[in-house]
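Each chain, written out:
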Amino acid sequence: MWRGCRRLLQGRCPPARRPSPLPAAGGAAAAGPGGGRAYAPPAERKRFYQNVSISQGEGGFEINLDHRKLKTPQAKLFTVPNEALAIAVATEWDSQKDTIKFYTMHLTTLCNTALDNPTQRNKVQLICAAVKFLETDTVCYRVEEPAALAELQKNEWDPIVAWAEKRYNVAIGSSTSITGPNIPASTKDTFISHLASYNMWALQGIEYVITQLKSLILSMGLIDRHITVEKAVLLSRLEEEYQIQRWGSVEWAHDYDLCELRARAAAGTLFVHLCSESSTVKHKLLQD
Amino acid sequence: MRSKARGLKPSPSARFLIGWWSEAAAPDWRRARSGRESHKMAALGSPLGTLRGLLRELRHASAQAGRPYRDTPAYQHVISAFRAHRVTSEKLCRAQQELHFQAATYLCLLRSVREHLSLHQEYHGKGERSPEEVAGLVGFRLPQQPGGKGWDS
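Per an unreviewed UniProt entry, chain B is named Protein FMC1 homolog, and its organism is Dromaius novaehollandiae. Looking at the Sequence similarities (unreviewed entry) heading of the UniProt record, one finds this comment for chain B: "Belongs to the FMC1 family." Taken verbatim from the UniProt record of chain B, the Function (unreviewed entry) comment is "Plays a role in the assembly/stability of the mitochondrial membrane ATP synthase (F(1)F(0) ATP synthase or Complex V)."

Here is the structure:
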């Protein structure tokens with residue numbers, strides 16, 4: 001399953017950075033039906049550059065791999081509006097050893113998505129997709145039994161729902177029925193108008209975080225800096241953590257998923273903050 | 001518990017939930033001492049701890065690049081950002097909190113990417129076993145057929 005996910009990720013951000021096409025990766029090593037050879041994972045792109053640096057162009061900051069400029073999967077020039085984001089992307093490229101593992105480069109993937117917009121959604125469609133998650137928000141879906149889990153959900157999720165209700169002046173509530181909570185239209189309108197204040201790049205990031213955490217409320221908590229990434233991931237995976245505490249943890253599944261979710265949520269949050277900030281440095285006069 | 005959280009974690013979910021939540025909820029004494037606005041901000045701990053963790057992660061990330069990590073733009077950016085926001089006369093500095101939250105988020109990103117990669121390498125990176133290996137697992141050996149099996153292989 002996860003191998004399929006990796007191929008999906010590679011497909012989303014294909015390693016075709018140079019004009020020469022990727023060598024038929026799976027073909028050489030893959031097993032034919034009667035071939036009898038073992039399946040090996042498709043050959044990955046080797047690290048073909050030594051230095052990663054940043055330069056400033058007209059559109060923003062660009063990444064240089066040796067002397068070549070980085071391009072998106074749709075062959076557009078890779079430009080980011082923010083220097084800190086460019087540095088973070090350059091660090092991602094720099095930290096690849098031997099082979100390039102695209103599934104670890106979350107910020108690069110996010111920037112590519114923002115630049116290419118492969119799903120071709122405009123701002124309104126993105127906001128609608130994001131607010132739609134509220135109807136099936138994780139922290140609003142409660143169980144009735146086992147009682148320990150129900151109480152855990154009440155203790156951990158109620159504060160964050162209360163915070164969201166207070167912060168945005170809306171009514172959300174929670175529900176134990178299968179249809180989920182009944183969200184009034186005014187709540188949705190409030191969130192729609194709040195999300196409309198972010199620019200397109202930040203919205204891509206917000207929608208990404210919501211999709212990963214499966215919760216609009218937790219994502220808003222992250223974006224408003226109310227909770228840390230670790231706490232948000234913990235709240236999102238509350239039932240899994242409960243079961244882990246009960247039955248034990250399987251490292252190659254539970255820890256793997258936890259690290260991956262943390263990486264994605266952190267990347268998305270950082271992306272949103274970097275794309276929506278406008279920092280000015282005010283130098284204070286030293287008064288003697 | 002706290003030292004385990006700051007350093008390299010071998011298995012994040014090994015700690016019990018109760019201890020983890022009380023850690024994530026707030027080290028109150030630390031916040032009271034730094035005088036930060038408590039009810040709105042996330043519980044992040046001290047900026048020094050975050051900075052130390054970030055530098056450690058950056059060191060890991062550039063370990064194979066050959067260059068010392070102090071030359072990397074990321075290191076210089078982090079150091080200069082922390083230095084710029086260090087001196088402030090206000091006790092509740094919003095920009096400082098924002099920077100600290102960003103730094104903590106970036107630290108979480110670097111750390112979890114590294115752990116994810118190591119888990120992937122350990123458990124999922126090796127592909128399938130060959131038929132000879134599989135036979136060897138249960139103590140068998142595949143028959144040798146010098147003439148080939150009769151079809152293209």
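Turning next to the overall build of chain A. In terms of regular secondary structure, chain A is built from 12 helices and 4 strands. Residues counted as buried form 49% of the 288 residues belonging to chain A. Element-wise, carbon and sulfur atoms account for 54% of the exposed surface of chain A, whose accessible area totals about 13,900 Å².

We now examine the packing of helix 5 (residues 123-132) of chain A against helix 8 (residues 200-213) of chain A. Residue and element names in this part refer to chain A. Two elements in contact, helix 5 and helix 8, have axes whose closest approach is 10 Å; the angle formed by their N-to-C orientations is 25°. As judged from the angle between their axes, helix 5 and helix 8 are roughly parallel. For helix 5 against helix 8, the interelement crossing comes out left-handed. Here helix 5 contributes Lys 123, Leu 126, Ile 127, Ala 129 and Ala 130 to the contact with helix 8, which in turn contributes Met 200, Leu 203, Gln 204, Glu 207 and Ile 210.

All names here are of chain A. In this fold, Glu 92 is placed in helix 3 (residues 83-94). The exposure class of Glu 92 is buried, given its relative accessible area of 10%. Within the structure, the side chain of Glu 92 is placed 3.3 Å from the backbone nitrogen of His 106, a separation counted as a polar contact. Apart from residues lying up to four places away in sequence, Glu 92 is in contact with Thr 104, Met 105, His 106, Leu 107 and Thr 108.

Residues and elements named next belong to chain A. Considering all chains together, one arrives at 13 salt bridges over all chains under this definition. Residue Arg 264 is joined to Glu 260 by a salt bridge in which the shortest nitrogen-to-oxygen separation is 2.8 Å. Taken as a pair, Arg 264 and Glu 260 lie in helix 12 (residues 251-276) at a separation of 4 residues, close to a single helical turn. In this structure Arg 264 comes out as buried when scored by relative accessible area, which is 13%. The network of salt bridges with common partners includes Arg 237, Glu 240 and Glu 241.

Once that is clear, we can look at the packing of aromatic side chains. All names here are of chain A. Applying the stated criterion to the full structure yields 7 aromatic pairs over all chains. Between Trp 93 and Phe 102, the aromatic rings sit 6.2 Å apart at their centres with planes inclined by 80°, giving edge-to-face as the arrangement. For the pair Trp 93 and Phe 102, one class covers both residues: buried. An angle of 20° between the planes, with centres 5.9 Å apart, marks the rings of Trp 201 and Phe 271 as stacked.

Residues and elements named next belong to chain A. With respect to the element layout, Asn 82 can be found in the loop between strand 4 (79-80) and helix 3. The class for Asn 82 is buried, based on a relative accessible area of 11%. Within the structure, Asn 82 has its side chain in polar contact with the backbone nitrogen of Ala 84 (distance 2.9 Å). Other than its neighbours up to four places away in sequence, Asn 82 contacts Phe 61, Leu 274 and Glu 277.

Conventions used here
- Residues numbered from 1 in each chain as written.
- Chains lettered and ligands numbered in written order.
- Predicted model: local features only at pLDDT ≥ 70, side-chain atom pairs only at ≥ 80, totals over all residues.
- Heavy atoms only, no water.
- UniProt positions renumbered as here; feature names shortened; annotations may be inferred.
- Helix = DSSP H or I, 4+ residues; strand = E, 2+ residues; numbered from the N terminus.
- Buried < 20%, exposed > 50% of the residue type's maximum accessible area, 1.4 Å probe, protein only.
- Areas by Shrake-Rupley, 256 points an atom, 1.4 Å probe, with all protein chains shown as cover.
- Axes fitted to C-alpha atoms, helices over the stretch in contact; angles between N-to-C directions.
- Parallel < 35°, antiparallel > 145°, perpendicular 65-115°, else oblique.
- Left-handed = near helix turned anticlockwise from the far one by under 90°.
- Contact = heavy atoms within 4.5 Å.
- Polar contact = N/O pair within 3.5 Å; in protein donor to acceptor, adjacent residues only side chain to side chain.
- Salt bridge = Lys/Arg side-chain N within 4 Å of Asp/Glu carboxyl O.
- Phe/Tyr/Trp six-rings, centres within 6.5 Å; stacked < 30°, edge-to-face > 60°.

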